[in-house]
Amino acid sequence: MEVNTPKIEESWRIALQKEFDADYFKKIKAFLVEEKKKAVVYPKGNDIFNAFNLTPFNDVKVVIIGQDPYHGPNQAHGLCFSVLDGVKFPPSLENIYKELCKDLGYPFPKSGNLTSWAKQGVLLLNASLTVRAGEANSHQSIGWQKFTDAVIQKISDEKNGVIFLLWGGFAQKKGSKIDASKHHVLTCGHPSPLSANKGHWFGNKHFSETNRLLQQMGKTPINWKID
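Quick look at the structure, then. Each chain has its residues counted from 1, running along the sequence as written. Given that the model is predicted, a residue must reach a pLDDT of at least 70 before its local features are reported, and side-chain atom pairs must reach 80 or more before they are shown or counted; all residues, however, enter totals for whole chains, interfaces and linings. Just so you know, side-chain values use all the structure's heavy atoms and leave hydrogens and water out.

### A look at empty space enclosed by the protein
Moving on, step 1. Only protein atoms enter the 1 Å grid used here, on which a cavity is any set of points holding a 1.4 Å probe that cannot leave and a pocket is any open set flanked by protein within 12 Å on both sides along at least five of seven lines; residues with an atom within 4 Å of a point are listed as lining. Grid points are joined across faces, edges and corners, and a volume is the space filled by probe spheres set on the points. Within this structure, the stated rule accounts for one cavity of 30 Å³ or more.
Moving on, step 2. Reported here for the largest cavity is a volume of approximately 30 Å³.
Moving on, step 3. Elements supplying a minimum of two residues to the lining of the largest cavity: β2 (62-66) and α8 (169-174).
Moving on, step 4. In this classification, Asp, Glu, Lys and Arg are treated as charged, Ala, Val, Leu, Ile, Met, Phe, Trp, Tyr, Cys and Pro as nonpolar, and every other residue, Gly included, as polar. Residue classes in the lining of the largest cavity are distributed as four nonpolar, three polar and no charged. A run of DSSP states H or I qualifies as a helix once it reaches four residues; a run of E qualifies as a strand once it reaches two. Both are numbered from the N-terminal end.

### Comments concerning unusual backbone geometry
Moving on, step 1. Cis geometry is adopted by the peptide bond preceding Pro 43, which originates at Tyr 42 and carries an omega value of -10 degrees.
Moving on, step 2. Of note, Pro 43 is situated in the loop between β1 (41-42) and α4 (50-54).
Moving on, step 3. Within the chain, Asn 74 stands out as a residue other than glycine whose phi angle is a positive 60 degrees.
Moving on, step 4. Within the secondary structure, Asn 74 is located in the loop between β2 and α5 (91-104).
Moving on, step 5. The phi torsion at Phe 81 lies on the positive side, around 70 degrees, for a residue other than glycine.
Moving on, step 6. Note on Phe 81: relative accessible area 9%, which makes it buried. Partly exposed describes any residue whose relative accessible area lies between the buried limit of under 20% and the exposed limit of over 50%, with all areas from a 1.4 Å probe on protein chains only and scaled to the type maximum.

If you want it as structure tokens, here you go:
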């Protein structure tokens, strides 16, 4: 089977060409071909690299790291924590919005679609880019972890002043190779109810702090408001 470079935004294609040419990435693609013969995979193929296509490498200002795509129908569309318009908010997204509203005084959003953040330079990166329907973390060992480690490393090495929002132990471990001497790393508990209800999420003020840091660096702040 011939394995081609996936359709991905040009600046990312150039930045990640070494990964796309690697044997492990070819195995990811071969696995997904076989997986789709026997199971439903989320998100749909055209959305797997949505985070990259909406936030070109040259535009990345903020990185939020999630674990893997939502595994329910009509939820995942390639952006961590985000769901399409009209889809019920998952609990973690609900808590993200509660903190957003408390931090910035916004009304509670009607949509769970975070595309507007992505278009402003917020890379909404899941550590695994696919999942089998109904089975959380089912694709975490197929090679995606290595790929997204390379993405984080590339951003850390080649950019300056990126703000990484690492929510929960998994994201913090995933971001362990970030060069904190040239980037800003903000950490707190995960927004899932299990963590948030223990006091590890609410009150982190990461949205206002991100904008304060961007303005301090002379960059345009993020309009976090979801209409």
